[in-house]
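Overview (structure and organization)
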Amino acid sequence: MASNIQPVKMPTQAAVCAVLLALLSSCTNVPLQQGSSLGSYAGMAVSGGSLTNAKLRVNSPAVLAAQTVRIAPTRVENAGGGSFEPKDLALLTNAIDRALCRGLSDRFKVVGPNQPADLVVHATVTDIVATNRAVAATSTVATLGASVAMVPIPRIPIGLGGLSAEAEAVGQDGTQQAAMIWSRGTNMLTTKARISSVGDAYSLSSAFGADFSRMLIKGQDPFKATSSIRLMQKIKASFDSDPKDDACKAFGPAPGIKGAVAGQLGLPPSWSDKGAAVSQ
């Protein structure tokens, strides 16, 4: 007698990709938040990637002709209505400065405060979506438990944080040569939970710094760069503890291996990032 039992089919690659895509899209929606720190918001084109919202404008000839750049300290503009600890905001803004400095030093000579430069860059945090610390703690415990059993597990899809920021590069005559409004929310797969209200915003700071840096380095829309280039820049920003330009040392060393361990364990940014090396 023939059996009607059919063998269980393994999920197809398309099905697996569909599941992963659904998980990846389960992220915090952080709309673009226009602040008031840029000299102009005119002529900005909509851009961005699968995870990032952005508007930008760049004067390619002027940016590509520049050789030196100075980074003004990143500010916070009404983000969270004062609900975040000053020390956490200081770590966040310094992490953005560090990411900008390390990214821009790939092509530019980064000079110190009050030194003349072809371009002056300044960024502003316009919104922080707070990470729910209790949910982040639960996600961390679940992830650590699953890692022992060698089973990957996504974050709990609630209480995810995000970041919105803007930046511009101004020439020696005070004219805006490049500008970007940027926002990104955390998703379930690509950002480890940190038990800190600014944990996700801190983790996204390097992505913002890298995107703006690429725009100035290439003089064009940075979201057209290949994913492999973005990955290498992210790795360099995380583990390169010896910046090329002395001016970057003011923002302190990257957390490096210690930071990677802290991220895996869900520890707050302050556990591994000691912030600026000197007063800004």
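So, a few notes on the structure that sits alongside this text. Values in this document were obtained by computation on a predicted structure and should not be read as measured data. Position labels on residues start from 1 in each chain and follow its written sequence. In keeping with the model being predicted, local features are shown solely for residues with a pLDDT of at least 70 and side-chain atom pairs are shown and tallied solely at 80 or more, while totals for entire chains, interfaces and linings include all residues. Hydrogens and water molecules were not included; the side-chain quantities draw on all heavy atoms of the structure.

In this description, the term disulfide denotes a pair of cysteine sulfurs within 2.5 Å. Summed over the entire model, instances satisfying the criterion amount to one disulfide. Two residues, Cys101 and Cys248, share a disulfide whose sulfurs are 2.1 Å apart. Residues Cys101 and Cys248 are joined through a disulfide that is left-handed, its torsion about the S-S bond being -90 degrees. In this pair, Cys101 sits in helix 3 (residues 86-104) while Cys248 sits in the loop between helix 6 (227-239) and helix 7 (256-265), placing the two residues 147 residues apart along the sequence. Here the term buried applies to any residue with accessible area under 20% of the maximum for its type, exposed to any over 50%, and partly exposed to those in between, with areas from a 1.4 Å probe on protein chains only. With relative accessibility at 0%, the residue Cys101 sits in the buried group. Only DSSP runs of H or I covering at least 4 residues are called helices, and only runs of E covering at least 2 are called strands; the numbering of each starts at the N terminus.

What follows covers the pairing of strand 1 (residues 45-48). Relative to strand 2 (residues 52-58), strand 1 runs antiparallel, the two being bridged by four bridges. Its bridge partner being in strand 2, Val46 is matched across the sheet by Lys55. Two strands qualify as a pair provided that DSSP identifies no fewer than 2 bridges between them. The hairpin turn running from strand 1 into strand 2, its antiparallel successor, is three residues long.

What follows deals with the packing of aromatic side chains. Side-chain rings of Phe, Tyr and Trp (the six-membered ring for Trp) are treated as a pair once their centres are within 6.5 Å; stacked means planes under 30 degrees apart, edge-to-face means over 60, and tilted covers the remaining angles. Here the structure, examined in full by the defined rule, presents one aromatic pair. The ring of Phe108 carries Arg107 above its face, with NZ or CZ at 4.0 Å from the centroid. For a Lys NZ or an Arg CZ to count as sitting over a ring, it must be within 6 Å of the ring centre and within 35 degrees of the ring normal.

Working rule for helices: expected span equals 1.5 Å times residues minus one. Taking 1.5 Å per residue, 20 residues should reach 28 Å; helix 5 (residues 199-218) reaches 30 Å between its end C-alpha atoms and fits that length. Residue Ser205 marks the point of greatest curvature in helix 5, where the axis turns by about 30 degrees. Judged by how many residues are buried, helix 5 sits mostly within the fold: 17 of 20 residues are covered. Looking one or two places after helix 5, you find Gly219, whose phi comes out positive at around 70 degrees. Bend angle per residue: angle between axes fitted to the 7 residues ending at that residue and the 7 residues starting there.

Below, the discussion takes up helix 7. What helix 7 keeps buried is the set Gly256, Gly259, Ala262 and Gly263. All buried residues of helix 7 project into a common sector of 100 degrees when viewed along the axis, lining one side. Note on helix 7: the residue one or two positions beyond its end, Gly266, has a positive phi of about 75 degrees. This arc is taken over the directions from the axis of the helix to the C-beta atoms.

To continue, consider the packing of helix 3 against helix 5. The axes used here are C-alpha line fits, helices contributing only the stretch in contact, and every angle between their N-to-C directions lies in the interval 0 to 180 degrees. Contact pair helix 3 / helix 5: the axes reach a minimum separation of 8 Å and the direction vectors enclose 30 degrees. When the axes of helix 3 and helix 5 are compared, the pair comes out roughly parallel. At the point where helix 3 passes helix 5, the crossing takes the right-handed sense. Contact residues: helix 3 offers Leu91, Leu92, Ala95, Ile96, Arg98, Ala99, Leu100, Gly103 and Leu104, while helix 5 offers Ala201, Tyr202, Ser205, Ser206, Phe208, Gly209, Phe212, Ser213, Leu216 and Ile217. For this classification, Asp, Glu, Lys and Arg are treated as charged, while Ala, Val, Leu, Ile, Met, Phe, Trp, Tyr, Cys and Pro are nonpolar and the rest, including Gly, are polar. Residues of the contact of helix 3 with helix 5, tallied by class, amount to 13 nonpolar, five polar and one charged. Orientation categories follow fixed angle ranges, with anything under 35 degrees roughly parallel, anything over 145 roughly antiparallel, 65 to 115 roughly perpendicular, and all other angles oblique. By definition, any crossing whose near helix is turned counterclockwise from its far helix by less than a right angle is left-handed, and any crossing with a clockwise turn is right-handed. We call two residues in contact whenever any of their non-hydrogen atoms come within 4.5 Å of each other.

One finds Leu104, Phe108, Val121, Ile128, Trp182, Phe212 and Leu216 to be the most contacted residues of the largest nonpolar core, which totals 41 residues. The element best represented in this core is helix 5, accounting for eight residues. Contact partners of Phe212, with chain neighbours within four places excluded, come to Leu100, Val121, Ala167, Glu168, Ala169, Ala179 and Met180. We define a nonpolar core as any set of buried Ala, Val, Leu, Ile, Met, Phe, Trp, Tyr and Cys residues linked to one another through side-chain atoms lying within 4.5 Å.

Turning our eyes to something else, we now look at the pattern of salt bridges. Salt bridge, as used here: a side-chain nitrogen of Lys or Arg that lies within 4 Å of a carboxyl oxygen of Asp or Glu. As enumerated under the stated definition, the model contains five salt bridges in all. Note that Lys109 and Asp245 form a salt bridge whose closest N and O atoms lie 3.7 Å from each other. Of the two residues, Lys109 sits in strand 5 (residues 109-111) while Asp245 sits in the loop between helix 6 and helix 7, which places them 136 residues apart along the sequence. Of the residues examined, Lys109 reaches a relative accessible area of 45% and is grouped as partly exposed. Given a relative accessible area of 5%, Asp245 falls into the buried group.

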